[in-house]
Amino acid sequence: MKRRLPRPRELAPLMQFKRPRIFDRRIARLEAALTIEDLRKIARRRTPKGPFDYADGAAEDEISLARARRAFQDIEFRPAILRNVAAVDTAVEIFGGASRLPFGIAPTGFTRMMHAEGELAGARAAARRGIPFSLSTMGTESIEDVRAATPDGRLWFQLYLWRERERSMELVRRAASAGYDTLLVTVDTPVGGARRRDKRNGMTIPPALTFKTIVNAIPRAEWWINFLTTEPLRFASLDHWSGTVEDMIDTMFDPTIVFDDLAWIREQWNGRFVVKGVQTLDDARRLAELGVDGIVLSNHGGRQLDRAPVPFHLLPEVKRELGSDVEIAIDTGIMDGAAIVAALALGARFALVGRAYLYGLMAGGEQGVDRALTILEDQVVRTMKLLGVASVAELGPQHVTQLRPLTPWIRP
Ligand SMILES: Cc1cc2nc3c(=O)[nH]c(=O)nc-3n(C[C@H](O)[C@H](O)[C@H](O)COP(=O)(O)O)c2cc1C
């Protein structure tokens, strides 16, 4: 090998030192995140352990969540080749309205505890992208403030029925007058799931200042400064609480709610009526017979029953059985756009993302949510193109095989 000295003229194009970004470190940090998992890692560094684990964790041994995520990995795509995919249309119609992408933001409680920008960040980022944002009954911004932040955004309201039923229906009326178009009634919380991380962390609402939390706060100063210099946590629905979330659910939520109560709720709501937390084919069938507009196959992100059915596994049979009688949405375990595409192929009309959005929020407030949505959107578009489909309607079961490891082999 003959060697020579490099010439400066040849070196110049190779040198790509970037100017250090001193003032937009947050943007640089977020742009470096290529996946939702990358955002999760940033979120963990920047959010105190209590709130981070509250969002990241699930119930008991966290098996429901791990399995749900795994199920989206245990698939094989079957791409079609030689299709014109220069332009891809990701828009869908869901619950009586349009969404520019086939996913939206799931309702999450206590969101301002994860990051001071809270629900407003999620609602604004969703509206900019033309997708729906769901506000939880346990939201930390009021129904009206979320509307004011996104006058043209599509908003859904998620209902937990309190023991004091009239008080929860008051929220439903407020959501209707603020122009929320869909009610998601969550039915998988007769008691609180056992969130062990919260117990171990001594995580209360609001977070308590203890020796442990103060030590943990030292490298996470921005979160604490934001937390202590913004409005105290305020709830869409209750004035205050001090205790764990599990205790709150047990104290406040109505464990006596049954199918017959749905008609009573529905009488008081003119918009689309959707039941969230459906976990068996039988229950899906029953809801279809009752004439609900939609269902969300969900095990609450693994935060309630552990070892619950994997929603993605339920999907093909629910779709086969119910066809187009009800609109089927799905959540739990979605960490990338390919999972969303796989769910659509197997019969879901729409997907909701919970943690994927919260990791973005914790990593960088509203800009972090934007980053999370960009990551998911790019992944959806790229996966569709690689599958050879130019619109969501073209996706079908021919595009996905579910692989065996987590496939139920006996179902009574
Ligand atoms: C921190 C957190 C809070 C949540 N709060 C609510 C809630 O108030 N109401 C509700 O119906 N679901 C709630 N969920 C469940 C989500 O709506 C959704 O079903 C779940 O996050 C989907 O799973 P994923 O996080 O894997 O996307 C919450 C989930 C998380 C992670």
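Structure first, text after, so check above.
Residues numbered from 1 in each chain as written. Predicted model: local features only at pLDDT ≥ 70, side-chain atom pairs only at ≥ 80, totals over all residues. Heavy atoms only, no water.

A.B. asks: What is the right way to look at the overall build of the protein in this model?
C.D. replies: Of regular secondary structure, the protein possesses 18 helices and 12 strands. Taken over the C-alpha trace, the protein has a radius of gyration of 22 Å; the compact-globule value for 412 residues is 22 Å, and the two agree within 12%. Principal-axis analysis of the C-alpha atoms places the extent of the protein at approximately 85 × 60 × 45 Å. Burial statistics for the protein: of 412 residues in total, 56% are counted as buried. Total accessible area on the protein is roughly 19400 Å²; 54% of this is exposed by carbon and sulfur atoms. Positive and negative side-chain charges of the protein, numbering 58 and 52 respectively, have mean locations separated by a distance of 10 Å. (Helix = DSSP H or I, 4+ residues; strand = E, 2+ residues; numbered from the N terminus. Rg over C-alpha atoms; globule rule 2.2 N^0.38 Å. Buried < 20%, exposed > 50% of the residue type's maximum accessible area, 1.4 Å probe, protein only. Areas by Shrake-Rupley, 256 points an atom, 1.4 Å probe, with all protein chains shown as cover. Lys, Arg positive; Asp, Glu negative; His and termini not counted. Charge placed at Lys NZ, Arg CZ, Asp CG, Glu CD.)

A.B. asks: Whenever I open this one, the pairing of strand β7 (residues 182–186) confuses me. Can you help?
C.D. replies: Two faces make up the sheet, and in a regular strand the side chains alternate between them. Where burial is concerned, most of β7 is hidden: 5 out of the 5 residues are buried. The alternating pattern of β7 places T182, L184 and T186 on one face and L183 and V185 on the opposite face, and all of these are buried. The sheet contact formed by strand β6 (residues 155–159) and β7 spans 4 bridges and is parallel. In the sheet register, F157 faces β7, and the bridge partner there is L183. You can see the chain leave β6, run along helix α9 (residues 165–177) and come back into β7, and the turn it takes is right-handed. (Pairing = 2+ DSSP bridges. Right-handed = clockwise from strand over helix to strand, strands pointing away.)

A.B. asks: Explain the environment of I36 to me, please; I cannot follow it from the model alone.
C.D. replies: When you line up the elements, I36 lands in helix α3 (residues 36–46). Exposure remark for I36: the relative accessible area of 1% places this residue in the buried category. A sequence separation of 82 residues divides I36 from G118, and the C-alpha atoms of the two residues are 18 Å apart. When sequence neighbours within four positions are dropped, the list of residues in contact with I36 reads M335, A356, Y359, A372, I375 and L376. (Contact = heavy atoms within 4.5 Å.)

A.B. asks: Quick question: what am I supposed to make of the side chain of Q304 here?
C.D. replies: Here Q304 lies in the loop between β9 (294–297) and α16 (311–322). Of note is the side chain of Q304, whose polar atom sits 2.7 Å from the backbone oxygen of V191. At a separation of 3.0 Å, a polar atom in the side chain of Q304 contacts the main-chain amide nitrogen of G193. Setting aside its immediate chain neighbours within four residues, Q304 contacts A59, D188, T189, V191, G192, G193, R195, I249 and N299. (Polar contact = N/O pair within 3.5 Å; in protein donor to acceptor, adjacent residues only side chain to side chain.)

A.B. asks: It is not clear to me how the packing of aromatic side chains should be interpreted in this structure. Could you clarify?
C.D. replies: Aromatic ring pairs are described here by two measures, namely the spacing of the ring centres and the angle between the planes. As enumerated under the stated definition, the model contains 12 aromatic pairs in all. Consider the rings of Y54 and F110, whose centres lie 5.8 Å apart with planes at 75°: the pair is edge-to-face. Taken together, the residues span a long stretch of sequence, with Y54 in helix α4 (residues 49–56) and F110 in the loop between β4 (103–105) and α6 (111–114) at a distance of 56 residues. For Y54, a relative accessible area of 7% gives the class buried. Aromatic pair W223 and F227: ring centres 4.8 Å apart, planes at 15°, arrangement stacked. Residue W223 and its partner F227 are both found in helix α12 (residues 221–229); the two are separated by 4 residues, about one turn of the helix. Of the residues examined, W223 reaches a relative accessible area of 6% and is grouped as buried. An aromatic cluster of three or more residues is present, and its members are F95, W156 and F350. The ring of F259 has R286 lying over it, and the distance from NZ or CZ to the ring centre is 4.0 Å. When the ring centre of Y54 is taken as reference, the NZ or CZ atom of R303 above it lies at 4.8 Å. (Phe/Tyr/Trp six-rings, centres within 6.5 Å; stacked < 30°, edge-to-face > 60°. Lys NZ or Arg CZ within 6 Å of the ring centre and 35° of its normal.)

A.B. asks: Explanation requested: the nonpolar core in the structure shown.
C.D. replies: The nonpolar side chains of soluble globular proteins are, as a tendency, buried together. Y180, I295 and F312 are the most contacted members of the largest nonpolar core, which has 120 residues in total. Broken down by element, this core gets its largest block of residues, 15 residues, from helix α18 (residues 355–387). Residues within four places of I295 in sequence aside, it is in contact with V274, V275, V278, A284, L287, V318, L322, V326, E327, I328 and A329. (Core = buried A, V, L, I, M, F, W, Y, C linked by side-chain atoms within 4.5 Å.)

A.B. asks: Teacher, can you tell me more about α9 here?
C.D. replies: Owing to its 3.6 residues per turn, the α-helix brings residues three or four apart onto one side. With 13 residues, α9 ought to run about 18 Å at 1.5 Å a step, and its terminal C-alpha atoms sit 19 Å apart, in line with that. Considered for burial, the residues of α9 that qualify are R165, S168, M169, L171, V172 and A175. Considered in projection along α9, the buried side chains sweep an arc of 145° and stay on one side of the axis. Packing partners of the buried residues in α9 comprise α8 (143–149), β6, β7 and α14 (259–267). A positive backbone phi angle near 80° is found at G179, which sits one or two residues after α9. (Expected span 1.5 Å × (residues − 1). Arc of directions from axis to C-beta.)

A.B. asks: What am I meant to see in the environment of K319 here?
C.D. replies: Relative to the helices and strands, K319 resides in helix α16. Note on K319: relative accessible area 32%, which makes it partly exposed. Sequence separation of K319 and L281 is 38 residues, and the distance between their C-alpha atoms is 9.4 Å.

A.B. asks: Help me out: how do you make sense of the pairing of strand β11 (residues 350–353) in this one?
C.D. replies: A two-sided burial pattern is seen for β11, the buried positions comprising F350 and L352 on one face and A351 and V353 on the other. Sheet analysis places β4 next to β11, joined by 3 bridges and oriented parallel. Among the inter-strand pairings, F103 is bridged to a residue of β11, identified as A351. Across 2 bridges, the pairing between strand β10 (residues 327–330) and β11 is parallel. Across the sheet, residue I330 finds its bridge partner in β11, namely A351. With respect to chirality, the unit in which β10 leads through helix α17 (residues 337–345) into the neighbouring parallel β11 is right-handed.

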